[in-house]
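Residues per chain are reported as follows:
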Amino acid sequence: MPRVGTPDEPLRAAVLVSGGGSGLAALLAYQSSNPCSHRTVLVLSDSSEARGLEHGLAAGVKTIGIPIPEGPSSRREHEKLIHEELEREDIELVVLSGYMRILTPDFVSLWKGRLVNIHPSLLPEFPGAHAHRDALAAGATVSGCTVHLVDEGVDSGRILEQREVPVLRGDTEADLQDRIKAVEHKLYPLALDRLSTGGYSF
Ligand code: GRF
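Residues numbered from 1 in each chain as written. Predicted model: local features only at pLDDT ≥ 70, side-chain atom pairs only at ≥ 80, totals over all residues. Heavy atoms only, no water.

*Asks:* I tried to follow the overall build of the chain on my own but got confused; where do I start?
*Replies:* Scanning the chain from terminus to terminus reveals six helices and seven strands. When the helices and strands of the chain are placed in sequence order, the string is β-α-β-α-β-α-β-α-β-α-β-β-α. Viewed in the frame of its principal axes, the chain has a C-alpha envelope of about 50 × 45 × 35 Å. Of all 202 residues assigned to the chain, the portion counted as buried reaches 47%. Long-range contacts, defined as pairs at least 24 residues apart, comprise 62% of the intrachain contacts of the chain with a sequence gap of at least 6. Roughly 9,900 Å² of accessible area belongs to the chain as shown, and the carbon and sulfur atoms make up 52% of that amount. When the 20 basic and 28 acidic side-chain charges of the chain are each reduced to a single mean position, those positions are 2 Å apart. (Helix = DSSP H or I, 4+ residues; strand = E, 2+ residues; numbered from the N terminus. Buried < 20%, exposed > 50% of the residue type's maximum accessible area, 1.4 Å probe, protein only. Contact = heavy atoms within 4.5 Å. Areas by Shrake-Rupley, 256 points an atom, 1.4 Å probe, with all protein chains shown as cover. Lys, Arg positive; Asp, Glu negative; His and termini not counted. Charge placed at Lys NZ, Arg CZ, Asp CG, Glu CD.)

*Asks:* Please explain the pairing of strand 3 (residues 62-65) as it appears in this structure.
*Replies:* Each regular strand shows side chains that alternate between the opposite faces of the sheet. In terms of strand pairing, strand 2 (residues 38-45) meets strand 3 through four bridges, oriented parallel. From the neighbouring strand, Leu 42 faces strand 3, where its bridge partner is Lys 62. At this point the chain moves from strand 2, through helix 2 (residues 53-58), to the parallel strand 3, and the crossover so formed is right-handed. (Pairing = 2+ DSSP bridges. Right-handed = clockwise from strand over helix to strand, strands pointing away.)

*Asks:* Which parts of the structure should I look at to understand the site of the ligand?
*Replies:* Near the ligand you find Gly 20, Gly 21, Ser 22, Gly 23, Gly 98, Ile 118, His 119, Pro 120, Lys 181 and Glu 184, and these make up its full shell. Within the backbone of Ile 118, one N or O atom sits 3.1 Å away from a nitrogen atom of the ligand. Contact distances for the ligand include 2.7 Å between an oxygen atom and a side-chain N or O atom of Lys 181. For the ligand, whose free accessible area comes to 370 Å², the fraction covered by protein is 86%. At the level of elements, helix 1 (22-33), strand 5 (115-119) and helix 6 (173-196) are the ones that each hand at least two residues to the shell around the ligand. A breakdown of the residues in the shell around the ligand according to their chemical character gives two nonpolar, six polar and two charged. (Near = heavy atom within 4 Å. Polar contact = N/O pair within 3.5 Å; in protein donor to acceptor, adjacent residues only side chain to side chain. Nonpolar A, V, L, I, M, F, W, Y, C, P; charged D, E, K, R; others polar.)

*Asks:* Looking at this model, I keep getting lost on the environment of Phe 202. Mind explaining?
*Replies:* As for its position among the elements, Phe 202 is in the segment after helix 6. Separated by 44 residues in the primary sequence, Phe 202 and Arg 158 have C-alpha atoms spaced 9.5 Å apart.

*Asks:* I keep staring at helix 1 and nothing clicks. Help me out?
*Replies:* An α-helical segment advances 3.6 residues per turn. Residues three or four places apart therefore align on the same side. Counted at 1.5 Å a residue, the expected span for helix 1 with its twelve residues is 16 Å, and the 17 Å between its end C-alpha atoms agrees. The set of residues buried in helix 1 consists of Leu 24, Ala 26, Leu 27, Leu 28, Tyr 30 and Gln 31. Lining the buried residues of helix 1 we find strand 1 (11-17), strand 2, helix 2, strand 4 (93-96) and helix 6. (Expected span 1.5 Å × (residues − 1).)

*Asks:* I keep staring at unusual backbone geometry and nothing clicks. Help me out?
*Replies:* Leave glycine aside and you will find that most residues have negative phi; peptide bonds, for their part, are mostly trans. Between Leu 123 and Pro 124 the backbone carries a cis peptide bond, its omega angle lying at 10°. Mapped onto the elements of the fold, Pro 124 is located in the loop between strand 5 and helix 5 (131-137). Although it is not a glycine, Asp 90 sits at a positive phi angle of roughly 50°. Its place among the elements puts Asp 90 in the loop between helix 3 (74-88) and strand 4. A positive phi is found at Phe 126, a non-glycine position, where the angle reads about 55°.

Shown next as structure tokens:
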């Protein structure tokens with residue numbers, strides 16, 4: 001981290017979402033009801049339609065949908081636009097919360113150590129976009145969630161926190177997702193507390 005955050009001078013966080021943003025909503029609620037060492041000052045999405053944007057707007061946070069541009073280098077162009085917004089807002093911590101794009105190594109290197117993700121499995125088990133489906137297909141009786149630093153791989157960065165969540169007989173993907181999200185919504189703010197106050201030794 002660039003510095004230690006305090007409740008008086010919280011780290012300036014950006015949250016990136018792609019979908020409904022229940023994790024973003026939980027984080028915003030936590031930050032507004034606790035003396036907190038991180039504050040969300042920017043919400044970005046890779047679509048103007050993402051429902052998660054509504055949570056940022058409702059909280060009075062600067063909120064922008066940045067759709068993927070057309071053209072052959074659209075991925076890099078898109079990341080350039082994201083990076084420019086992050087710099088414009090003096091962002092110190094980038095929080096991926098259901099952000100469904102894999103970031104290029106170039107983008108990761110710009111934000112390494114300041115870029116975190118939450119994934120709905122006990123990594124390294126079940127990385128990728130279908131963690132619940134994969135856990136059920138494997139017959140897992142326990143799954144969970146992982147907060148990790150983002151590196152150049154897919155869901156492979158250093159693990160900061162994990163919590164187990166039981167898989168129950170007859171669970172659908174939606175059942176498991178809901179049960180895991182309830183745990184994620186408590187775990188992510190706590191991991192960000194610890195990260196922003198220098199609580200992890202790297
Ligand atoms: C969460 O389960 C998170 O672990 C995964 O995407 C989901 C996002 O859900 N990366 P929401 O958009 O916050 O509701």
